[in-house]
Every structure is written in structure tokens, then in C-alpha cells.
Amino acid sequence: MKRREAREKAIQTLFQLDNSEMNVDEAMGYIVETPLDSFYEQLVRGTAEHLTEVDSEITNKLENWTIDRLPKIERTVLRLAVYELLYNEEVPNRVIMNEAIELCKTFGDEKSGRFVNGVLSKFQ
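First things first, this report covers the structure right here in the doc. Note that the structure is a prediction, hence the values are computed from the model and not measured.

Rules used throughout
Residues numbered from 1 in each chain as written. Predicted model: local features only at pLDDT ≥ 70, side-chain atom pairs only at ≥ 80, totals over all residues. Heavy atoms only, no water. Core = buried A, V, L, I, M, F, W, Y, C linked by side-chain atoms within 4.5 Å. Buried < 20%, exposed > 50% of the residue type's maximum accessible area, 1.4 Å probe, protein only. Helix = DSSP H or I, 4+ residues; strand = E, 2+ residues; numbered from the N terminus. Contact = heavy atoms within 4.5 Å. Axes fitted to C-alpha atoms, helices over the stretch in contact; angles between N-to-C directions. Left-handed = near helix turned anticlockwise from the far one by under 90°. 1 Å grid on protein atoms, 1.4 Å probe; cavity = no way out; pocket = protein on both sides within 12 Å on 5 of 7 lines; lining within 4 Å. Points joined across faces, edges and corners; volume = space filled by probe spheres on them. Nonpolar A, V, L, I, M, F, W, Y, C, P; charged D, E, K, R; others polar. Phe/Tyr/Trp six-rings, centres within 6.5 Å; stacked < 30°, edge-to-face > 60°. Lys NZ or Arg CZ within 6 Å of the ring centre and 35° of its normal.

### Structural notes on the nonpolar core
No. 1: Membership of the largest hydrophobic core comes to 36 residues, with the highest contact counts inside it found for Val77 and Leu120.
No. 2: Listing elements by their share of this core, those giving two or more residues are helix H1 (3–17), helix H2 (24–31), helix H3 (38–49), helix H4 (51–61), helix H5 (72–87), helix H6 (93–107) and helix H7 (110–120).
No. 3: Among the elements that line this core, the one with the most residues is H5, at 8 residues.
No. 4: Not counting residues within four places of it along the chain, the set of residues in contact with Leu120 comprises Leu78, Ala81, Val82, Leu85, Met97 and Ala100.

Printed below as a string of C-alpha cells:
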């Protein structure tokens, strides 16, 4: 699985986990078949495990928004991107930001990409 596809699948999995009762393994089982791609699994498990820290970092960068008020897709993309920015040193920040914007184009709309870009630019 290519990294772009792993990120897309991770977004789908994290989106499913947001406000649901299922656990990470159940959510991953709905999105991909075994064996799991290691990058995909790292993204999903890492984001889920560090959710409190990630949400705190996002909250510190938001202006006139709370994390709970964000549209679900933007919140999910931000969580994945911020997890990568904080915990994945092997991928350059500009690549993470570009991937987040592309994910917004795939799953959200034009405004989603601009909003996510604005929030992520504060992590530079």
C-alpha cells in the first residue's frame, strides 16, 4: 500500500472511530483486510493513542472554534496530520501538510483544505 492510500484508509478508519463505540481493531477491520500495512497501522494506532495530546495541540491553534465544533472530516484530517507532525520525524512537515490538504480535497471540499492549511500553518 502506498503512503497516500495508507493515509486515505487511516482517515476513513479514524472518521469511523470518532464518536463511536468500536475499538481500533474493529474499525481497521472494516476498512482494510489483513495483513495490515505497517504505515497505515502506525497512523491509526498512533493517532488513537495520542488523541488527547493531539487534540490539545489542535485546540491551542484554533481561533474562534472548539475541537468539538469542527466538521468531522476537518477534525479527522487535522488529528492525523498533527499526529504525524508531532510523532513522525521521518516525513517532512511540508509533505504532511500537503497530504492533509489533498485528503481534504478527497473527503471534504474546497473550504476544508483552506481551513486545515490555515490551522496546520501555525505548527511551523
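### Looking at the packing of H5 against H7
No. 1: Between H5 and H7, the least distance of the axes is 10 Å, while the angle of their chain directions is 35°. In the crossing of H5 with H7, the sense of the turn from one axis to the other is right-handed. Judged by residue contacts, Ile73, Glu74, Val77, Leu78, Ala81, Val82 and Leu85 of H5 engage Ser112, Phe115, Val116, Val119 and Leu120 from H7.

### Quick word on empty space enclosed by the protein
No. 1: Inspection of the entire model under this criterion finds 1 cavity of 30 Å³ or more.
No. 2: Volume-wise, the largest cavity comes out at about 30 Å³.
No. 3: Looking at the largest cavity, the residues that line it are Arg7, Leu80, Ala81, Glu84, Ile96, Glu99, Ala100 and Leu103.
No. 4: Of all the elements in the fold, those that place two or more residues in the lining of the largest cavity are H5 and H6.
No. 5: Considering each element in turn, the lining of the largest cavity owes the most residues, 4 residues, to H6.
No. 6: The residue inventory of the lining of the largest cavity, partitioned by class, reads 5 nonpolar, no polar and 3 charged.

### A short note on the environment of Leu62
No. 1: Relative to the helices and strands, Leu62 resides in the loop between H4 and H5.
No. 2: A relative accessible area of 11% places Leu62 in the buried class.
No. 3: Counting along the chain gives 60 residues from Leu62 to Lys122, while the straight-line C-alpha distance between them is 9.2 Å.
No. 4: When sequence neighbours within four positions are dropped, the list of residues in contact with Leu62 reads Ile67, Leu70, Phe115 and Val119.

### Considerations on the packing of H1 against H3
No. 1: Contact pair H1 / H3: the axes reach a minimum separation of 8 Å and the direction vectors enclose 35°. As H1 packs across H3, the resulting crossing turns out to be right-handed. For the pair formed by H1 and H3, the contact residues are Arg3, Ala6, Arg7, Lys9, Ala10, Thr13 and Leu14 on the first element and Phe39, Tyr40, Leu43, Val44 and Thr47 on the second.
No. 2: The residue inventory of the contact of H1 with H3, partitioned by class, reads 7 nonpolar, 2 polar and 3 charged.

### Points about the packing of aromatic side chains
No. 1: In this structure the tally under the stated criterion is 2 aromatic pairs.
No. 2: When the ring of Trp65 is compared with that of Phe115, the centres are 5.6 Å apart and the planes differ by 65°; the resulting orientation is edge-to-face. Linking Trp65 in the loop between H4 and H5 with Phe115 in helix H7, this pair joins segments that are 50 residues apart in sequence.
No. 3: Summarising the aromatic geometry, the rings of Tyr83 and Tyr87 are spaced 5.5 Å apart at their centres and angled 25° between planes, so their arrangement reads as stacked. Placement of the pair is Tyr83 and Tyr87 together in helix H5, with a separation of 4 residues, close to one helical turn.
No. 4: Tyr83 sits in the buried class, given a relative accessible area of 6%.
No. 5: One residue, Arg69, lies across the ring of Trp65, its end atom 4.7 Å from the ring centre.
No. 6: Between the NZ or CZ atom of Lys72 and the centre of the ring of Phe15, over which it lies, the distance is 4.4 Å.

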